[in-house]
Protein chains: 2
Amino acid sequence: TDMVGKHCILELYDCDHTKLNDEAFLRTTITTAAKRAGATLLNLITHRFEPQGVTGLALLAESHLSIHTWPENGYAAVDVFTCGDQTMPERACELLRQELGAKSHALKSFQRETPAALATAIRHPKA
Amino acid sequence: TDMVGKHCILELYDCDHTKLNDEAFLRTTITTAAKRAGATLLNLITHRFEPQGVTGLALLAESHLSIHTWPENGYAAVDVFTCGDQTMPERACELLRQELGAKSHALKSFQRETPAALATAIRHPKA
């Protein structure tokens, strides 16, 4: 498979400043983005900085999603790493772009250089 | 500054299988790696998969560090994203490589396309 590990690096510019600083909104939006990507969210942590800015890290069964926001610059740095051919990280990126009202963005996607054997690895979240 | 946002993508191959599956060891090692990079660790979550494999996500004042391990393949996927010119993400990568006993690795570093204004942004972890 050519879909063993896919990593998306997304820059979001000219976003809605209020949303970038809204920790509760970001938690909801990250959760929705993970679901949209076809991923399973196992844990989500966020931190709000002073005087502004939020970081969110989502632990996925398929790897992770991160967002770091700078409301004062209208900017958010996102990365979505997913393993397996059942997940579509670009869909998470698209949802974040829309929900944060980004007027422009830059998306880079690349394959991680994972061993081919990972394609058939079986793993489950711990109950 | 040219050091506003730096992202390191690290593949670790032929690692020590036992260490890759040792959640407590990985928590300690991630903590040490963050410190080595000059970063401030604000939160750390880990998840152990069945039958094997661990994910660790570290929320840093300067952004994040992630590791996903596949012990059965001796492989770990790492990324370290740091903002500001006080942090040295490559040092975290080097420590992880050593501690996990990786016999080979691949490291890519690139600058995030962050707004220049981030260089002078002031932010503090919430007390």
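Rules behind the numbers
- Just so you know, the residues in each chain are numbered from 1, in the order the chain's sequence is written.
- Both sets of labels track the order of writing: A upward for chains, 1 upward for ligands.
- Two thresholds apply to this predicted model, a pLDDT of at least 70 for residue-level local features and 80 or more for giving and counting side-chain atom pairs, whereas whole-chain, interface and lining totals are computed over all residues.
- Only hydrogens and water are set aside; all other atoms, that is, all heavy atoms of the structure, feed into the side-chain values.
- Think of it this way: any DSSP run of H or I at least four residues long counts as a helix, any run of E at least two long counts as a strand, and we number them from the N terminus.
- Contact definition: two residues touch when any of their heavy atoms are within 4.5 Å.
- Simply put, the buried area is the total loss of 1.4 Å probe accessible area from both parts when two parts are fitted together.
- For this document, the term salt bridge refers to a Lys or Arg side-chain nitrogen within 4 Å of an Asp or Glu carboxyl oxygen.
- Side-chain atoms alone can form a polar contact between residues adjacent in sequence; in general such a contact is a pair of N or O atoms within 3.5 Å, and within protein one must be able to donate a hydrogen while the other accepts it.
- Here the nonpolar group is Ala, Val, Leu, Ile, Met, Phe, Trp, Tyr, Cys and Pro; Asp, Glu, Lys and Arg are the charged ones; every other residue, Gly included, is treated as polar.
- For two strands to be treated as a pair, DSSP must find at least two bridges joining them.
- Every angle, taken between N-to-C directions, lies between 0 and 180 degrees, and every axis is a line fitted to C-alpha atoms, over only the stretch in contact when it is a helix.
- Any residue under 20% of the maximum accessible area for its type is buried, any over 50% is exposed, and the rest in between are partly exposed; the area is computed with a 1.4 Å probe on protein chains only.
- The fit set for superposing copies consists of C-alpha atoms from residues with pLDDT of at least 70 in both; the fit itself is least squares.
- Expected helix span is computed as 1.5 Å times (number of residues minus one).
- The reported arc concerns the directions from the helix axis to the C-beta atoms and nothing else.

Caption draft 1: View of the environment of Thr29 of chain A. Residues and elements named next belong to chain A. Tracing the chain through its elements places Thr29 in helix H2 (residues 23-36). For the pair Thr29 and Leu96, spaced 67 residues apart in sequence, the C-alpha to C-alpha distance is 7.1 Å. Setting aside anything within four residues of it in sequence, one finds Thr29 in contact with Leu95, Leu96 and Glu99.

Caption draft 2: Looking closely at the interface of chain A and chain B. With 53 residues of chain A at the interface, the matching set in chain B holds 53 residues. For the pair chain A and chain B, the summed buried surface comes to about 4300 Å²; carbon and sulfur atoms form 60% of the total. On inspection of chain A and its partner chain B, the count reaches four salt bridges. The partner of Arg112 of chain B in a salt bridge is Glu11 of chain A, and the shortest N-O contact between them spans 2.7 Å. For the pair chain A and chain B, the number of links is 19 residue pairs in polar contact (both at pLDDT 80 or more). For the side of chain A that touches chain B, the elements supplying multiple residues, two or more each, are strand E1 (5-13), strand E2 (41-50), strand E3 (54-60), strand E4 (63-70), strand E5 (75-83), strand E6 (104-111) and strand E7 (124-125) of chain A. When residues in the side of chain A that touches chain B are grouped by element, the largest group, eight residues, is from E2 of chain A. Of the residues belonging to the side of chain A that touches chain B, the class tally is 27 nonpolar, 15 polar and 11 charged. Pairing analysis gives two bridges linking E2 of chain A to strand E7 (residues 124-125) of chain B, with the strands arranged antiparallel. Bridging from a neighbouring strand, Phe49 of chain A pairs with Pro125 of chain B of E7 of chain B.

Caption draft 3: Geometry of the sheet that holds strand E2 (residues 41-50) of chain B. Reading across from one edge, E7(A)-E2(B)-E3(B)-E4(B)-E5(B)-E1(B)-E6(B) is the order of the seven strands in this open sheet, with antiparallel pairing throughout. Strand pairing shows two members of the sheet lacking a second neighbour, E7 of chain A together with strand E6 (104-111) of chain B, which therefore form its edges. Two elements, strand E1 (residues 5-13) of chain B and strand E5 (residues 75-83) of chain B, share eight bridges in a ladder whose sense is antiparallel. By the bridge assignment, Leu12 of chain B is partnered in E5 of chain B with Ala76 of chain B. Running over the sheet, helix H2 (residues 23-36) of chain B touches E2, strand E3 (54-60) and strand E4 (63-70) of chain B and is turned about 150 degrees from E2 of chain B. Along the sheet, helix H3 (residues 89-99) of chain B makes contact with E1, E4, E5 and E6 of chain B, crossing E1 of chain B at roughly 10 degrees.

Caption draft 4: Representation of the pairing of E4 of chain B. Residue and element names in this part refer to chain B. Counting buried positions over the eight residues of E4 gives eight, a clear majority of the element. As paired strands, E3 and E4 are joined by six bridges and run antiparallel to one another. Following the sheet pairing, Gly56 is matched in E4 by Ile67. What sits between E4 and E5 in their antiparallel hairpin is a turn of four residues, with Gly74 showing a positive phi close to 65 degrees.

Caption draft 5: Main features of the relation of the copies chain A and chain B. Overlaying chain A on chain B yields an RMSD of 0.0 Å, the required transformation being a rotation through 180 degrees with an accompanying axial translation of 0.0 Å. On this basis, the relationship between the two copies can be described by a two-fold rotation axis. Taking C-alpha positions as reference, the residue of chain A nearest the rotation axis is Leu57 of chain A, located at 3.6 Å. Both copies share a contact surface, since 100% of the interface residues of chain A are interface residues in chain B too.

Caption draft 6: Spotlight on H2 of chain A. All names here are of chain A. A rise of 1.5 Å per residue sets the reference length of H2, with its 14 residues, at 20 Å; its end C-alpha atoms lie 20 Å apart and thus fit the reference within 8%. For H2, every residue scored as buried is listed here: Leu26, Thr29, Ile30, Ala33 and Ala34. Buried residues of H2, seen end-on, are gathered within an arc of 135 degrees and therefore sit on one face of the element. The exposed residues of H2 that point more than 90 degrees off its buried face are Thr28 and Lys35. Looking at the buried residues of H2, the elements they touch are helix H1 (17-20), E2, E3, E4 and helix H3 (89-99). For H2, the N-terminal capping position is held by Asp22, with its side-chain oxygen 3.3 Å away from the main-chain nitrogen of Ala24. With its phi angle positive at about 80 degrees, Gly38 sits one or two positions after the end of H2.

Nothing here speaks to function; it is geometry throughout.
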